[in-house]
Each structure stands twice: as structure tokens, then as C-alpha cells.
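Listed below are the residues making up each chain.
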Amino acid sequence: MLSLLNKSGCVISNAFRNFSSQALLLPLSEKIEGLNEKRQAWIENTDTVEEKKLGIIELHPQVFAAQPRVDVIQENIEWQRKYRYVSFATTKSRAEVRGGGRKPWPQKGGGRARHGSIRSPIFVGGGVAHGPRSPKPHFYMLPFYKRVMGLTSTLSVKLAQDDLHIVQDLEIPSREPEFLKELFKERNWGNSVLIIDEWVFFLVNLFYKI
């Protein structure tokens, strides 16, 4: 989700149409009952730098015409930022700092407050009470339906902003990186592009059973 939002362009391969019994990219002849109107998008080529329109494809409204939930998208972003993060910030307790083995002064008779060690947290150079202890993971799992809802919301927003492009396949005629740079520049796909094949739609297909 975070990668999808950070990219100014998103390219989806049409190679997964046979991935399930009823693909998320639907042919023009197929009818959907009880759903919103289907969205349409051009199918583009990747074998040349110049853009060629190869046809029109219809996109499933539950995936590409969903009501954007900005709050759910934000929850997905925070989840992806934190679930792999491990904090290594640490402090020493009074048992780990050096010194302080003996009592600094007698318990009574000196006129001063009683203390048992100069490594107490109230002394300079003493241990830290309730400080961070590493490693501390920030892992948690977002509910599955929220992950799917965030994904469909993001794909719908990308399509509405004309930042989502459907290509016939991912067969690139050249292995040189310059070809992709020229391709992205010629078609105004943005400074960064995320290329998606099948994994995103496997997750959506698993949830919606479509």
C-alpha cells in the first residue's frame, strides 16, 4: 500500500486474466448484476516507446470503483511503516551502570537523606528508571478486511487520477534500463512507477470471491 501510494504511476499487467474463474479485469461481453457501473481503461503496449492503444477493457467496480476510504488508507500506511520496525533504543538500569557498590554515607547522623547507592536514578550518572529497552518490535496485524479495503480504495483513487495504466503484458524488448526510462518519460507516467502483475489481485480475489 505504501509503495502504491508513493509511486506517481502504476502499471498493471493484463496477463492475469485467466488467474481465476471470473477475473477482476472483465471482458466487454460479460454482464454484472447488482453492482455499480464498470470502469473502462485503455490497454497499452510496452514493446515500443511510442504509445499504442490496443483496446478497451472493463474493470470490476468492487475493485476499481470503490468509495475511497482515506482513513483506512492511512491505517494501512501506518501499519506498513510500523509492522517491520524494531526500535533499538536502550538505557541502562541501576543494576547495569558502573559503581555504587557501597552505601555512600551512614544511614543516620549525617543530616542528609538516606541512600543505599549512588547509582540510584535520582543521582547524576545513575540508572534510568522506566527507560526504553531494546529490541522493541512494533509489529501488529491490521484486520484482513481493512487491508483489502485500503487496497481497493487506493486502486480506485489511482484510476480516478489517471495514474493507473493497463498494459497487454510485461514483455520488454530490451534489457537496458534506458528503454524503461524513455518509456516512462514519453508516456508521462511520472518519476517513479510501480509495476504490478498478480499478487495484489490474488488478495482482492480471495476476499471478495469474485
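How each quantity is defined
Residues numbered from 1 in each chain as written. Predicted model: local features only at pLDDT ≥ 70, side-chain atom pairs only at ≥ 80, totals over all residues. Heavy atoms only, no water. Helix = DSSP H or I, 4+ residues; strand = E, 2+ residues; numbered from the N terminus. Buried < 20%, exposed > 50% of the residue type's maximum accessible area, 1.4 Å probe, protein only. Contact = heavy atoms within 4.5 Å. Axes fitted to C-alpha atoms, helices over the stretch in contact; angles between N-to-C directions. Parallel < 35°, antiparallel > 145°, perpendicular 65-115°, else oblique. Left-handed = near helix turned anticlockwise from the far one by under 90°. Nonpolar A, V, L, I, M, F, W, Y, C, P; charged D, E, K, R; others polar.

Section: the environment of Gly190
- Counting through the fold element by element, Gly190 comes out in the loop between α5 (177-186) and β8 (193-196).
- Judged by relative accessible area, Gly190 falls into the partly exposed class, the value being 34%.
- When the C-alpha positions of Gly190 and Cys10 are compared, they lie 9.3 Å apart, and in sequence the two are 180 residues distant.
- The contact partners of Gly190, leaving out residues within four places of it in the chain, are Ser8 and Phe184.

Some details on the packing of helix α3 (residues 70-82) against helix α4 (residues 144-160)
- α4 packs onto α3 with a crossing angle of 115 degrees between their chain directions and a minimal axis gap of 8 Å. With respect to α4, the element α3 is oriented roughly perpendicular. Our pair here, α3 against α4, has a crossing hand that is left-handed. Taken together, the residues of α4 that come into contact with α3 (itself represented by Val72, Ile73, Glu75, Asn76 and Trp79) are Lys146, Arg147, Met149, Gly150, Ser153 and Thr154.
- Classifying every residue of the contact of α3 with α4 gives 4 nonpolar, 4 polar and 3 charged.

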